[in-house]
Amino acid sequence: TFVYNRCISRMAKCFRWGEALDILARMAELGAMPNSYCVNTALNACGKAGRIQEAVELMEDARASGIELDVVSYNCAIPACVAGGKWEQALSMVREMRTKYGIEPNHITYQAVIKVCGRCGRADEAADLLREMKAGGAALKTPVYSAVLNAYRRIDHWQGAVSLVREIHDWKPVGPNVFNYNLAICTCADCGKWEEALELLHYMRDVGGVEPDVVTYNIVVAACGKAGEAQKAIEIFREMSEVGLKPDVISYTTAISACGSGGTADEAVAIFREMAGAGVPPNIITHNAVVAACVAAGEWERALEIFSEVFD
RNA sequence: CUCCAUUAUUAA
């Protein structure tokens, strides 16, 4: 039975749902007893491949042959609902497991159904599920927060992302981590809201008690650059070092390209020159950025100069 | 032996 299950698992990883179901069907005639693990693995194959119908039938068949389904079964099957945008069906599956079969959804279940809602653009439903999850006593996990935040990001709803992360900032026993804040800040950045992005950076540190990392700063610098706020971008780039963070190659590249929107070629080149002293080697993207920044500043001679220096 | 952001969030 283990051996068969491993085979099914391989098929699931390759999105070969048809073969997965085949193997499961032949187990009996080859004298192996399919257990709930095998069924779950096959459900996982259906889930990954978006085969809702097959998943539902498999669950019915399994029950008919006396195999007890569990929370993992639902966790495996629910992701099938992304195909065709069946977020309502995902919700009804959660209802079904609880009311009809007495299986309590866990944080993985919620994560799965929240992801489905997110993929379907239903961010507010995703947030409601998170609240339901907290109320129901399922373990709070940062990946679940990310799933909801990603839902808002998909629909460019920065207000939703910001208010959600503020809502959960003091949740016990697990609040949002840097990763979660970065996602919310990134959503603001995507929407061109650099002030909100910066505000959230301060909020996470001062209210949330979560230290911003290099990625956090990079996102905010990029947001400023994108909004044409080159001076602000440079200021925040500097602040990174002041608070003891070590700018990486992305930080430098982001700051350099921010100079291209409202800054000067001198500023861009100056930051580029600092990299050597900081021991951060530039890459091809950095080189592109510094040339592009000179061009954007209208200094094409400077651009050519840097170009030939860098692309010898 | 099956489900879990870790081919997780940031740059030209």
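Note that the structure is predicted; figures quoted are calculated from it, not measured.

Helices and strands together make up the secondary structure of chain A, namely 18 helices and 0 strands. Computed over C-alpha atoms, the radius of gyration of chain A comes to 25 Å, more than 25% over the 20 Å expected from 2.2 N^0.38 for 312 residues, which places it beyond the range of a compact globule. Structurally, chain A occupies a C-alpha span of about 75 × 45 × 30 Å along its principal axes. Within chain A, the fraction of its 312 residues that count as buried is 46%. Across chain A, contacts joining residues at least 24 apart in sequence account for 63% of those joining residues at least 6 apart. When the accessible surface of chain A is summed, it comes to about 15000 Å², and 53% of that surface belongs to carbon and sulfur atoms.

What follows concerns the layout of surface pockets. Sizing a probe to match a water molecule and rolling it over the atoms shows the empty space that remains. When its volume is computed, the largest pocket comes out at roughly 340 Å³. Taken together, 17 residues line the largest pocket, and the ones lying closest to its centre are Pro79, Gln111, Ala112, Lys115 and Val116. For the lining of the largest pocket, the secondary-structure elements that each account for two or more residues are helix H7 (107-119) and helix H9 (142-154). Ranked by the residues each element gives to the lining of the largest pocket, the list is headed by H7, at 8 residues.

Another aspect to go through is the environment of Ala265. Along the chain, Ala265 turns up in helix H16 (residues 265-278). The spacing of Ala265 and Arg302 is 37 residues in sequence and 7.7 Å in space, taken between C-alpha atoms. What Ala265 contacts, discounting residues up to four positions off in sequence, is Cys294, Ala297, Glu299 and Arg302.

What follows deals with the environment of Ala255. Assignment of secondary structure puts Ala255 in helix H15 (residues 249-259). For the pair formed by Ala255 and Trp171, sequence separation is 84 residues and the distance between their alpha carbons is 35 Å. Among all residues touching Ala255, those that are not within four sequence positions of it are Val221, Phe237 and Ile271.

Another aspect to go through is the protein's contact with RNA strand B. Tyr37, Asn75, Gln111, Phe179 and Asn218 are the nearest of the 33 residues found near RNA strand B. In RNA strand B, atoms within 4 Å of the protein come 39% from sugar and phosphate. Within the side chain of Asn75, a nitrogen or oxygen atom sits 2.5 Å from a base oxygen of RNA strand B. Within the side chain of Ser146, an N or O atom sits 3.4 Å from a base nitrogen of RNA strand B. Considered class by class, the residues forming the surface near RNA strand B number 13 nonpolar, 17 polar and 3 charged.

Between helix H6 (residues 87-99) and H7, the shortest axis-to-axis distance is 8 Å and the interhelical angle comes to 160°. Looking at the two axes, H6 sits roughly antiparallel to H7. Between H6 and H7 lies a crossing of left-handed hand. For the pair H6 and H7, the contacting residues are Trp87, Ala90, Leu91, Val94, Met97 and Arg98 in the first and Thr109, Tyr110, Val113, Val116 and Cys117 in the second. Of the residues that constitute the contact of H6 with H7, the class distribution is 9 nonpolar, 1 polar and 1 charged.

Omega for the bond connecting Lys172 with Pro173 falls within 30 degrees of zero, at 0°, which places this linkage in the cis form. Inspection of the secondary structure assignment puts Pro173 in the loop between helix H10 (158-167) and helix H11 (178-190). Of note in this structure, Phe15 is not a glycine but carries a positive phi near 60°. Within the secondary structure, Phe15 is located in the loop between helix H1 (2-13) and helix H2 (17-29).

For chain A, the mean per-residue pLDDT works out to 95, and 100% of the residues sit at or above 70. Across the predicted assembly, pTM comes out at 0.94 and ipTM at 0.84.

Turning our eyes to something else, we now look at the packing of aromatic side chains. Aromatic ring pairs are described here by two measures, namely the spacing of the ring centres and the angle between the planes. Counted under the stated rule, the structure contains 3 aromatic pairs. Positioned above the aromatic ring of Tyr101, the side-chain terminus of Arg63 is 3.6 Å from the ring centre.

Take the nonpolar core next. Core analysis: the biggest nonpolar cluster contains 106 residues, and Ile78, Ile114, Leu130 and Ile256 have the highest contact counts within it. Every residue in contact with Leu130, bar those within four places of it in the chain, is listed here: Ile114, Val144, Tyr145, Val148, Leu164, Ile168 and Trp171.

Time to look at helix H8 (residues 123-136). The end-to-end C-alpha distance of H8 is 20 Å, a good match for the 20 Å that 14 residues give at a rise of 1.5 Å each. Looking at H8, one finds that the buried residues are Ala123, Ala126, Ala127, Leu129, Leu130 and Met133. Looking straight down H8, one finds that the buried residues subtend no more than 155° of arc, so they occupy a single side. Those residues of H8 that are exposed and aimed more than 90 degrees away from the buried face are Ala135 and Gly136. Looking one or two places after H8, you find Gly137, whose phi comes out positive at around 85°.

As a packed pair, H9 and H11 sit with axes 9 Å apart at the nearest point and diverge in direction by 5°. In terms of axis orientation, H9 runs roughly parallel to H11. Side by side, H9 and H11 meet where Thr142, Tyr145, Ser146, Leu149, Asn150, Tyr152 and Arg153 of the first sit next to Phe179, Asn180, Leu183, Ala184, Cys186, Thr187 and Asp190 of the second.

How each quantity is defined
Residues numbered from 1 in each chain as written. Chains lettered and ligands numbered in written order. Predicted model: local features only at pLDDT ≥ 70, side-chain atom pairs only at ≥ 80, totals over all residues. Heavy atoms only, no water. Helix = DSSP H or I, 4+ residues; strand = E, 2+ residues; numbered from the N terminus. Rg over C-alpha atoms; globule rule 2.2 N^0.38 Å. Buried < 20%, exposed > 50% of the residue type's maximum accessible area, 1.4 Å probe, protein only. Contact = heavy atoms within 4.5 Å. Areas by Shrake-Rupley, 256 points an atom, 1.4 Å probe, with all protein chains shown as cover. 1 Å grid on protein atoms, 1.4 Å probe; cavity = no way out; pocket = protein on both sides within 12 Å on 5 of 7 lines; lining within 4 Å. Points joined across faces, edges and corners; volume = space filled by probe spheres on them. Near = heavy atom within 4 Å. Polar contact = N/O pair within 3.5 Å; in protein donor to acceptor, adjacent residues only side chain to side chain. Nonpolar A, V, L, I, M, F, W, Y, C, P; charged D, E, K, R; others polar. Axes fitted to C-alpha atoms, helices over the stretch in contact; angles between N-to-C directions. Parallel < 35°, antiparallel > 145°, perpendicular 65-115°, else oblique. Left-handed = near helix turned anticlockwise from the far one by under 90°. pLDDT = per-residue confidence, 0-100. Phe/Tyr/Trp six-rings, centres within 6.5 Å; stacked < 30°, edge-to-face > 60°. Lys NZ or Arg CZ within 6 Å of the ring centre and 35° of its normal. Core = buried A, V, L, I, M, F, W, Y, C linked by side-chain atoms within 4.5 Å. Expected span 1.5 Å × (residues − 1). Arc of directions from axis to C-beta.

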